[in-house]
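A structural walkthrough
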Amino acid sequence: MNTTFKTIFFSLLLVASISGFAQSIILSENANVSVITCDTGNESYSLFGHTAIRITDLNNNLDVVYNYGAFDFATPNFVAKFAKGDLQYFAVANKFEDFMNQYNYEKRSVFEQELNIPLAYKQKLLDNLTTALSSSESYYTYKFIDKNCTSMVVDILNKTLGSQIIVKKTDTDITYRTILYPYFDNSFYEKLGTSIIFGKKVDEYGTKIFLPLELQKSLKLIRFKNHLLCKENKILLDIKKEASSSIWDNFYTYAFLLLFIVLINKRSIDLFYFSIMGLLGIFFVFVGFYSEHLELSNNYNILLFNPTLLVLCYFMLTNNKKWVVNLAVLNVLFLVVYLIVMIHKIHLLIVLPLILTSVVVLAKTAFKNSKRIPVVF
């Protein structure tokens, strides 16, 4: 089953799940509520895992999982809305058995942390979730860091508990970019792509809970009414992760391609390289202004993917050697500034081959187009 079909299947399963709890159930003393954390997967939609809330009450024949990860593929202009950042996500309720079957099918581990709270809070949580499912509270505009399936769970739990009980307890002294980086270890080109398309916002310190595994770690440390909020972590589904492998999705193809560009001394190759880098720069500028995803704005990576490279291509094609040299030197200076900006950032190493390739090709272009000065003996 290919990635696109699996993504659609997963989403449709969520959208089609049960949500018929319009009238609140009165929970018994045997009721339990817990936070469900689903492990990461190898597919694009599963790289960061998933968060949900489980409510069980055998006396009421209730075992339901609530989550805020659903969206409708039938939404008009779906791709444009997703890119712009105004796509509406919403909460759904699944039978626990159906929920687990999906993750068993995807071969992803599932963990459970039971909340150690009084029955009154359990009832309030159920009431809040029931209200959300049957009203506009179910819908929210997805934001990668600020509004997602994990942050929405945190919000409704804090609303239920009456204060900001659930806050981030780990990794608050490192950036969002640093937190995200290891999630792409088995997807080289996704790691490269997110490294260059994310802007300044992801370089802020990661003080907000926005990833499922980050919430899981914090829940182990949070106290509520003089005791730990969560009981011992329980493994509901234990599946050993297998690292994905690809003959092309790796550093070696990346290095080979850039080495090819450096070593093949052809003007057409240089023009192609500058064109791609310049077009990517224009794309980064466009999405930075167009998209409401703040993670894509203020992208200093355009110092590397510089739109002025397209102007350089024009002067190369018109054989204007003076301006070819001027723009080549200017872009080398941009790269020096970029290297200074990048010096302490975690994605420096992954873009360093691109920096070196650009310096070499720009220097070679400037040298070829500079006037030869005769040597007098």
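Please read all numbers here as calculations on a predicted model, not as lab measurements. Within any chain, residue numbers begin from 1 and follow the written order of that chain's sequence. Local features are withheld for residues below a pLDDT of 70 in this predicted model, meaning they are given only at 70 or higher, and side-chain atom pairs are given and counted only at 80 or more; totals for whole chains, interfaces and linings count all residues. For the side-chain quantities, the full set of heavy atoms in the structure was used; hydrogens and water were omitted.

The method is simple in principle: a probe with the dimensions of a water molecule rolls over the atoms, and the space it marks as empty is what remains. Of the grid points, spaced at 1 Å and generated over the protein atoms alone, those admitting a 1.4 Å probe that cannot get out make up cavities, while open sets with protein on both sides within 12 Å along at least five of seven lines make up pockets; any residue with an atom within 4 Å of a point is treated as lining. Grid points are joined across faces, edges and corners, and a volume is the space filled by probe spheres set on the points. When its volume is computed, the second largest pocket comes out at roughly 390 Å³. If you go around the second largest pocket, you meet 17 residues; those closest to its centre are Leu-192, Leu-257, Ile-276, Leu-280 and Leu-354. Runs of H or I in DSSP of at least four residues are treated as helices and runs of E of at least two as strands, each being numbered from the N terminus. Breaking the lining of the second largest pocket down by element, the ones donating at least two residues are α7 (188-197), α9 (251-263) and α10 (267-290). Considering every element that reaches the lining of the second largest pocket, the biggest residue donor is α10, with six residues.

This part takes up the pattern of salt bridges. Two side chains carrying opposite charge are able to pair once their charged atoms lie near each other. Take a side-chain nitrogen of Lys or Arg and a carboxyl oxygen of Asp or Glu: if they are within 4 Å of each other, that pair is a salt bridge. Taken as a whole, this structure holds 15 salt bridges when the rule is applied. A salt bridge links Arg-54 to Glu-112; the nearest nitrogen and oxygen atoms lie 3.1 Å apart. A residue pair is termed long-range when its members are at least 10 positions apart, and Arg-54 in strand β2 (residues 50-57) and Glu-112 in strand β5 (residues 110-114) qualify at 58 residues. No difference in accessibility class separates Arg-54 from Glu-112, as the two residues are buried. A salt bridge links Lys-143 to Glu-292; the nearest nitrogen and oxygen atoms lie 3.6 Å apart. Residue Lys-143 is located in the loop between β6 (139-141) and α5 (149-161), and its partner Glu-292 is located in the loop between α10 and α11 (308-317); the two are separated by 149 residues in the primary sequence. Under the scheme applied here, a residue whose accessible area is under 20% of the maximum for its type counts as buried, over 50% as exposed, and between as partly exposed, the area being computed with a 1.4 Å probe on protein chains only. Accessibility expressed as a relative area gives 38% for Glu-292, which makes it partly exposed.

Within the secondary structure, Phe-184 sits in the loop between α6 (176-180) and α7. Counting along the chain gives 142 residues from Phe-184 to Asn-42, while the straight-line C-alpha distance between them is 9.1 Å. Whether two residues touch is decided by their heavy atoms; if any such pair falls within 4.5 Å, the residues are in contact. Once residues within four sequence positions are removed from consideration, Phe-184 is found in contact with Leu-47, Phe-48, Glu-190, Lys-191 and Thr-194.

So, about the nonpolar core. Membership of the largest hydrophobic core comes to 54 residues, with the highest contact counts inside it found for Ile-55, Tyr-68, Ile-166 and Leu-229. When contributions to this core are tallied by element, the ones reaching two or more residues are β1 (32-38), β2, β3 (62-70), β4 (88-95), α4 (119-133), α5, α6 and α8 (212-219). Examining the composition of this core, we find that six residues originate from one element, α5, more than from any other. Leave out the neighbours within four places in its chain, and Leu-229 touches Glu-114, Leu-115, Asn-116, Ile-117, Leu-161, Ile-166, Leu-219, Ile-222, Arg-223 and Phe-224. Only buried residues count toward a nonpolar core, which is a set of Ala, Val, Leu, Ile, Met, Phe, Trp, Tyr and Cys residues joined through side-chain atoms within 4.5 Å. Among the nonpolar cores identified, the runner-up in size contains 35 residues, and Leu-192, Ile-196, Met-316 and Tyr-338 belong to it.

A word on the side chain of Arg-177. You can see Arg-177 is positioned in helix α6. Not counting residues within four places of it along the chain, the set of residues in contact with Arg-177 comprises Thr-194, Ser-195, Phe-198, Gly-199, Val-202, Asp-203, Tyr-300, Ile-346 and His-347.

Next up on the list: a nonpolar patch on the surface. On the surface, a nonpolar cluster with roughly 330 Å² of combined accessible area is contributed by Phe-256, Leu-257 and Phe-260. Position of Phe-256 among the secondary structure elements: in helix α9. To count toward a patch, a residue needs a relative accessible area over 30% and no salt bridge; like charges are then connected within 9 Å, while nonpolar side chains (Val, Leu, Ile, Met, Phe, Trp, Tyr) are connected within 5 Å. With residues, only the protein chains shown are counted as cover, and all accessible areas are computed by Shrake-Rupley using a 1.4 Å probe.

This part covers unusual backbone geometry. In this structure, Asn-298 takes a positive phi of about 50° despite not being glycine. One can find Asn-298 in the loop between α10 and α11. Located in the positive-phi region is Asn-319, a residue other than glycine, with phi close to 60°. On the basis of relative accessible area, Asn-319 is assigned to the exposed category, the value being 52%.

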